[in-house]
Amino acid sequence: IEKTPSDGTHRDVHLTRRFMDAMGTDYLCLFPTGMLSVGLRPQVDVEVALSRAYSRWLTEKVLPGDSRIYGLIYLPFNDPEEAYKVVKEFGDRKGVAGFLVTSLRYKAIHDNAYMKSYSLIEEMGKPITFHSGVNWNDPLISVTNRFISAHALSFTFYNVVHCCNWIVNGLSERFPKLKIVWTESGLAWTPWLGQRLDNDYRMRSSECPSLKKLPSEYMKDMYYTSQPMEKPNDMSLLESTFKCINAETQLLYASD
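Source: prediction; values computed, not measured.

Engineer: Help me out: how do you make sense of helix 1 (residues 11-23) in this one?
Structural biologist: Given 3.6 residues to a turn, an α-helix orients residues that are three or four positions apart in the same direction. Taking 1.5 Å of rise per residue, the 13 residues of helix 1 would be expected to cover 18 Å, and the 19 Å separating its terminal C-alpha atoms lies within 8% of that figure. Those residues of helix 1 lying buried are Val13, His14, Thr16 and Met20. In a view along the axis of helix 1, the buried residues occupy a sector of 165°, so they form one face of it. The elements touched by buried residues of helix 1 are strand 1 (28-30), helix 2 (44-62) and strand 2 (69-74). Just downstream of helix 1 lies Gly24, where phi reads positive at about 70°.

Engineer: Help me out: how do you make sense of the layout of surface pockets in this one?
Structural biologist: Empty space among the atoms can be located by rolling a probe the size of a water molecule over them. There is about 870 Å³ of room inside the largest pocket. In this structure, the largest pocket is lined by 28 residues; those nearest its centre are Cys29, Leu30, Phe31, Tyr253 and Ala254. The dominant element in the lining of the largest pocket, judged by the number of residues it contributes, is strand 1, at 3 residues. By residue class, the composition of the lining of the largest pocket is 17 nonpolar, 8 polar and 3 charged.

Engineer: Just to check I follow, could you spell out the pattern of salt bridges for this structure?
Structural biologist: Once the charged atoms of two side chains with opposite charge are near each other, the side chains can pair. Under the defined criterion, the tally for this structure stands at 12 salt bridges. The closest approach of N and O atoms between Lys85 and Glu82, which form a salt bridge, is 3.6 Å. Here the residue Lys85 and the residue Glu82 both occupy positions in helix 3 (residues 80-90), the gap between them amounting to 3 residues, near one helical turn. Looking at Glu82, the relative accessible area reads 17%, which means it is buried. A salt bridge links Lys213 to Asp221; its shortest N-O distance comes to 2.7 Å. By relative accessible area, which is 46% here, Asp221 ends up partly exposed. Three or more residues are tied together by salt bridges with common partners; here these are Arg52, Glu60, Glu82, Lys85, Glu89 and Arg93.

Engineer: Even after reading the chapter, I still don't get the packing of aromatic side chains, so can you show me in this structure?
Structural biologist: On inspection of all chains with the given rule, the structure shows 12 aromatic pairs. Judged by centre distance (3.9 Å) and plane angle (5°), the ring pair of Phe77 and Tyr114 falls under stacked. Of this pair, Phe77 sits in the loop between strand 2 and helix 3 while Tyr114 sits in the loop between strand 3 (96-102) and helix 4 (115-124), placing them 37 residues apart in sequence. As far as the burial class goes, Phe77 and Tyr114 line up, both buried. Both rings, one in Tyr118 and one in Trp166, keep their centres 4.9 Å apart while their planes meet at 65°; by these two values the pair is edge-to-face. One end of the pair, Tyr118, is in helix 4; the other, Trp166, is in helix 5 (residues 147-168), and 48 residues separate them in sequence. Counting every residue linked through ring pairs, the aromatic cluster contains Phe77, Tyr114, Tyr118, Phe130, Trp166, Phe175 and Trp182. In this arrangement the basic side chain of Lys116 is found over the ring face of Tyr84, its NZ or CZ atom lying 4.5 Å from the centre. Sitting above the plane of the Tyr218 ring, Lys213 keeps its charged end 5.0 Å from the centroid.

Engineer: Explanation requested: the pairing of strand 4 (residues 128-131) in the structure shown.
Structural biologist: Working note: regular strand, side chains alternate between the two faces of the sheet. Residues Ile128 and Phe130 point to one face of strand 4 and Thr129 and His131 to the other, with burial holding for every one of them. As defined by bridge partners, strand 3 adjoins strand 4 across 4 bridges and the pair is classed as parallel. In the sheet register, Phe99 faces strand 4, and the bridge partner there is Ile128. Following the chain from strand 3 across helix 4 to the adjacent parallel strand 4, one finds a crossover that is right-handed.

Parameters and conventions
- Residues numbered from 1 in each chain as written.
- Predicted model: local features only at pLDDT ≥ 70, side-chain atom pairs only at ≥ 80, totals over all residues.
- Heavy atoms only, no water.
- Helix = DSSP H or I, 4+ residues; strand = E, 2+ residues; numbered from the N terminus.
- Expected span 1.5 Å × (residues − 1).
- Buried < 20%, exposed > 50% of the residue type's maximum accessible area, 1.4 Å probe, protein only.
- Arc of directions from axis to C-beta.
- Contact = heavy atoms within 4.5 Å.
- 1 Å grid on protein atoms, 1.4 Å probe; cavity = no way out; pocket = protein on both sides within 12 Å on 5 of 7 lines; lining within 4 Å.
- Points joined across faces, edges and corners; volume = space filled by probe spheres on them.
- Nonpolar A, V, L, I, M, F, W, Y, C, P; charged D, E, K, R; others polar.
- Salt bridge = Lys/Arg side-chain N within 4 Å of Asp/Glu carboxyl O.
- Phe/Tyr/Trp six-rings, centres within 6.5 Å; stacked < 30°, edge-to-face > 60°.
- Lys NZ or Arg CZ within 6 Å of the ring centre and 35° of its normal.
- Pairing = 2+ DSSP bridges.
- Right-handed = clockwise from strand over helix to strand, strands pointing away.

Take a look at the structure:
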């Protein structure tokens, strides 16, 4: 176990400083990696309890230890009312950079129950991040017989579904100042989804009456993270992907 000083500063702060300095990083935003699949638990009250416990630990023990360290508050999204309460209680605490929704869940993010949370987060001027993951137990993903397939598809699939629902239900128009970040799902899906949605929108725009531009144009207003950025043999594919997401302003660095 790596040793840290017994100086009253939380151990995780010391460890975080070390890898920040090793990488030459000025600021860092922490993710609750160990909670990425909590949204799949059948006990919603457990997700709520873990969310609150993590948020208290993060804002009371870790973030006060160093002004270079920021964090995202985990939202217990399976309980929309509790998610709203968490935004209100922890959103303005020192070092809170924004909010995290783990994408491994079966909740429609366009449900009206979430609108007041989105509105409050937008009012705070902070982003909401959707972090994907792997779920080999998903009925569709379970058809695959190798983990490589489950991993490649699952990490992409959940954010694709949520992004699609966000756009076609007009949430970008309803909350134009709310920054949306899609992370841990790679980048290669963005040209595909943008083209598919644009193609269908031209045929049945009546299903999306709130949209004022093409779906792919809303995607260019969103943010994406570099980890895990696919490494194609043909770099022109990556160049096209960068163009599709307006990477010069929308691509964020993620270290994993």
